[in-house]
Amino acid sequence: MVTAKKTTAKAPAKVAPVKRRTPKPKPAVVEAPKPSTDAIGRVTDLIKWVDSPFKLFTVILLGFLAFAGYFAWDSRQVILQAIQSQDKMPQLAKQEALISPARSLMKDLDGLVVLVHKANLVTNSRTTVLALNGDGSREKAMEGTVTSLFNASADRNSAMVAMLNGEVLCEDFSPSSKVGEWGAKQGVKFMCRGSIPPDMGKFAGYVAIGFKEKPEDIVALKTRINLAATDMSEE
């Protein structure tokens with residue numbers, strides 16, 4: 001009799017647990033926003049328009065003023081129109097012809113200083129052609145001084161825009177140039193500026209009169225400045 005051998009079952013082999021790796025999320029690809037077709041068209045049109053040094057200066061001037069934020073952007077059309085019409089602008093009277101109306105203005109309004117500036121919008125410059133002291137004598141050291149029309153002074157820029165619109169602007173005075181510092185030394189704390197001639201869109205230059213304090217009748221003062229500005233223009 002054959003006895004069968006008993007087979008002992010082997011325990012299953014131990015299997016090491018498999019570590020599953022969590023896949024790293026792929027970085028999201030953010031596409032840069034495509035420039036607007038309209039914006040590209042406007043830039044292209046601007047580049048095509050700038051075909052001369054004059055137009056380049058115009059763009060630079062408006063860009064500077066817009067960046068500085070010292071004047072209403074809506075006034076850009078007024079400035080552009082004045083620059084484009086520069087050749088057709090009336091002219092300032094000769095220096096000898098400016099003295100009499102300037103002295104008369106000083107006497108009537110009891111000012112401390114009177115200044116007459118010749119303007120050049122194309123080069124953004126002004127030239128002081130006449131400077132009068134309170135007694136009517138000329139301050140020749142200031143005459144011939146050249147500085148900018150538009151600059152970093154908010155008061156100066158707002159006055160420029162007002163005069164281009166044919167207005168007389170009167171306000172507290174803060175010097176922003178060599179000539180302005182001279183006026184401050186004379187005691188000027190309030191100043192009125194008017195375009196020569198006093199017509200909208202016509203700007204050969206401007207007359208400025210300084211006071212120790214704000215005059216009482218500003219309306220009458222502005223009328224008198226406009227009369228003097230008319231006499232200071234050659235049309």
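Please refer to the structure placed before this passage.
Residues numbered from 1 in each chain as written. Predicted model: local features only at pLDDT ≥ 70, side-chain atom pairs only at ≥ 80, totals over all residues. Heavy atoms only, no water.

Draft legend 1. Focus on the side chain of Arg 224. Within the element layout of this structure, Arg 224 appears in helix H7 (residues 218-231). Taking the relative accessible area as the measure of exposure, Arg 224 reaches 17% and is therefore buried. Excluding residues that lie within four positions of it along the chain, Arg 224 makes contacts with Ser 104, Leu 105, Asp 108 and Leu 109. (Helix = DSSP H or I, 4+ residues; strand = E, 2+ residues; numbered from the N terminus. Buried < 20%, exposed > 50% of the residue type's maximum accessible area, 1.4 Å probe, protein only. Contact = heavy atoms within 4.5 Å.)

Draft legend 2. Summary view of the state of the cysteines. Taken as a whole and assessed by the stated rule, the structure comprises 1 disulfide. Disulfide partner of Cys 170: Cys 192, at an S-S distance of 2.1 Å. One quick way to see it: the torsion about the S-S bond of Cys 170 and Cys 192 is about 120°, and its sign makes the bridge right-handed. Of this pair, Cys 170 sits in strand S5 (residues 168-172) while Cys 192 sits in strand S6 (residues 190-196), placing them 22 residues apart in sequence. The two residues Cys 170 and Cys 192 agree in class, both being buried. (Disulfide = S-S within 2.5 Å.)

Draft legend 3. The arrangement of unusual backbone geometry in detail. That bond from Ile 196 to Pro 197 is cis: its omega, -10°, falls within 30 degrees of zero. By secondary structure assignment, the location of Pro 197 is in the loop between S6 and strand S7 (205-211). Phi is positive for Asn 124, close to 55°, though the residue is something other than glycine. Along the chain, Asn 124 falls in the loop between strand S2 (113-120) and strand S3 (125-132).

Draft legend 4. Representation of the packing of aromatic side chains in the model. One pass over the structure, following the stated rule, counts 1 aromatic pair. Plain terms: the ring middles of Phe 203 and Tyr 206 are 6.3 Å apart, the flat faces sit at 15° to each other, and that makes the pair stacked. Tyr 206 carries the same exposure label as Phe 203, and that label is buried. (Phe/Tyr/Trp six-rings, centres within 6.5 Å; stacked < 30°, edge-to-face > 60°.)

Draft legend 5. Molecular detail of the packing of helix H4 (residues 95-109) against H7. It is at 9 Å that the axes of H4 and H7 come closest, and there the two elements cross at 170°. Taken together, the axes of H4 and H7 lie roughly antiparallel to each other. Residues Pro 101, Ser 104, Leu 105, Asp 108 and Leu 109 of H4 lie in contact with H7, whose contacting residues are Leu 221, Arg 224, Ile 225, Ala 228 and Asp 231. Split into classes, the residues belonging to the contact of H4 with H7 amount to 6 nonpolar, 1 polar and 3 charged. (Axes fitted to C-alpha atoms, helices over the stretch in contact; angles between N-to-C directions. Parallel < 35°, antiparallel > 145°, perpendicular 65-115°, else oblique. Nonpolar A, V, L, I, M, F, W, Y, C, P; charged D, E, K, R; others polar.)

Draft legend 6. Region of interest: H7. When the terminal C-alpha atoms of H7 are compared, their 20 Å separation across 14 residues agrees well with the 20 Å that a helix rising 1.5 Å per residue should span. Of the residues making up H7, those classed as buried are Ile 218, Leu 221, Arg 224, Ile 225, Ala 228 and Ala 229. One side of H7 carries all its buried residues, which in axial view fall inside an arc of 140°. Projecting away from the buried face of H7 at angles above 90 degrees are the exposed residues Val 219, Leu 227 and Asp 231. Turning to H7, the residues buried within the fold contact H4, S5, S6, S7 and strand S8 (233-234). Sitting at the head of H7, Asp 217 places a side-chain oxygen 3.4 Å from the backbone nitrogen of Val 219. (Expected span 1.5 Å × (residues − 1). Arc of directions from axis to C-beta. Polar contact = N/O pair within 3.5 Å; in protein donor to acceptor, adjacent residues only side chain to side chain.)

Draft legend 7. View of the sheet that holds strand S4 (residues 146-148). Judged by pairing direction, the sheet is antiparallel, and its 6 strands sit side by side in the order S4-S3-S2-S7-S6-S5 without closing on themselves. The sheet terminates laterally at S4 and S5, the two strands that pair on one side only. Ignoring which end each strand starts from, the neighbouring axes of this sheet average 25° apart. The sheet contact formed by S6 and S7 spans 7 bridges and is antiparallel. Bridging across to S7, Phe 190 finds its partner in Phe 211. Most of the contacts of H4 go to S3, to which it runs at about 65°, and overall it touches S2, S3 and S7. Sheet strands touched by helix H5 (residues 154-164): S3, S4, S5, S6 and S7. Its angle to S5, the strand with the most contacts, is close to 160°. (Pairing = 2+ DSSP bridges.)

Draft legend 8. Geometry of the pattern of salt bridges. Enumeration according to the criterion identifies 3 salt bridges in this entry. Between Arg 193 and Glu 171 there is a salt bridge, with its nearest N and O atoms 3.1 Å apart. Taken as a pair, Arg 193 in strand S6 and Glu 171 in strand S5 lie far apart in primary sequence, 22 residues in all. (Salt bridge = Lys/Arg side-chain N within 4 Å of Asp/Glu carboxyl O.)

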